Amino acid sequence: MPEGPSIVILRDQIKALNLGKPEVLEVAGYVKTIDKEQLIGEKIKDFKSWGKHFLICFNDFTIRIHFMLFGTYLINAYKQTPLALGLTFKKDELNFYTCKVELLEGNVDELYDWRVDVMADEWDEKLAVKTLREHPDSYICDLLLDQHIFAGVGNIIKNEVLYRARIHPLSKPEKIPLKKLRELVRQCQQYSFEFLKWKKENTLSKHWEVYKQKECPNGHKVEKKKTGKSNRQTYYCTECQIKCA
DNA sequence: ACGTATGTTATCCT
DNA sequence: TAGGATAACATACG
């Protein structure tokens, strides 16, 4: 569930319910990080997403839901596993499982910079390129997972955009030609939107070129190694992807 | 059936 | 002591 496009799907599914500015009638779930009573009777101003964060915005505060690795949700349905947070409205209910729930005080637009969210209208490619160049000596595979630079990019997107831009995961920004760096940044947004489309069609895994693949589209063997400081699994082709280090 | 994983943070080591 | 490694969280899938 967790990468940025999946959170956009959740947000859009909820918006499609046409809840308007719904009033919270009941709150359920085991979460202890928020005061559930505080929500009752409050009207929701908006549902937003920022990277992997799902945001339920009220007038003076926001509930942030992070699904981590295992999180799930159900709309107008429930399941037997322990419910983390459930919100009931006049005719709809939202149920969140295995997620981190936090309450943020104040105006959400002042808390988040939407320029770094690859799914946002405000996404700023130039800013991302500039930030990458401020980390000349870091591995690109780590920088792609840095939510301060690429909010919403996760391990699948990381692997796929590195392949698309033909960059080896252990390359460093100081050695990557600017043109390639720009191409990589552009792919972060472009692939994320293709991810969104394919995920909706339930065909995402069919389109993976390296992630969980044995061979790349050019017929070369795909390497699988934990790389960088993040030490996450990386799938890459040593023939197609050039190491700039 | 069991190993692995779309994520993040805390803690344990060296 | 900085930084790397590991654990913890708790679930679904192949």
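For every chain, the first residue of the written sequence is number 1, and numbering continues from 1 along that sequence. Lettering for chains starts from A, numbering for ligands starts from 1, and both go in the order in which the items are written. In view of the model being predicted, local features appear only for residues whose pLDDT reaches at least 70, and side-chain atom pairs are presented and counted only at 80 or more, with totals across whole chains, interfaces and linings using the full set of residues. The side-chain values count all of the structure's non-hydrogen atoms but skip hydrogen atoms and water molecules.

### Here we look at the protein's contact with DNA strand B
Around DNA strand B sit 20 residues in total, of which Lys52, Phe70, Gly154, Tyr211 and Arg232 are the nearest. If even one non-hydrogen atom of a residue comes within 4 Å of a molecule or strand, that residue is called near it. Of all atoms in DNA strand B that approach within 4 Å of the protein, 62% are sugar or phosphate atoms. We call two N or O atoms a polar contact when they sit within 3.5 Å, provided that within protein one can donate a hydrogen and the other can accept it, with sequence-adjacent residues counted only if both atoms are side-chain atoms. In this structure, Met68 approaches DNA strand B through a main-chain N or O atom, which is 3.4 Å from a sugar or linking oxygen. Here Tyr211 contributes a side-chain N or O atom positioned 2.2 Å from a phosphate oxygen of DNA strand B. Going along the chain from the N terminus, every DSSP run of H or I of four or more residues is numbered as a helix, and every run of E of two or more is numbered as a strand. Only helix H5 (155–164) and strand E10 (232–236) provide two or more residues apiece to the surface near DNA strand B. Looking at which element gives the most residues to the surface near DNA strand B, the answer is E10, with three residues.

### What about the protein's contact with DNA strand C?
In the vicinity of DNA strand C, the contacting residues are Phe70, Lys79, Pro82, Thr98 and Lys229. The sugar-phosphate portion of DNA strand C accounts for 63% of its atoms within 4 Å of the protein, the bases making up the rest. One nitrogen or oxygen atom from the side chain of Lys79 is found 2.8 Å from a phosphate oxygen belonging to DNA strand C. Lys, Arg, Asp and Glu make up the charged group, whereas Ala, Val, Leu, Ile, Met, Phe, Trp, Tyr, Cys and Pro make up the nonpolar group; the residues left over, Gly among them, are polar. Class assignment of the residues belonging to the surface near DNA strand C gives a composition of two nonpolar, one polar and two charged.

### Topic: unusual backbone geometry
Here the phi dihedral of Met68 falls at roughly 50 degrees; this positive angle occurs in a residue that is not glycine. Mapped onto the fold, Met68 is located in the loop between strand E4 (61–66) and strand E5 (72–75). For every residue, the accessible area (1.4 Å probe, protein chains only) is compared with the maximum for its type, and the residue is labelled buried under 20%, exposed over 50%, or partly exposed between those bounds. Its relative accessible area of 41% is what places Met68 among the partly exposed residues.

The quantities given are spatial measurements derived from coordinates; they are silent on function.
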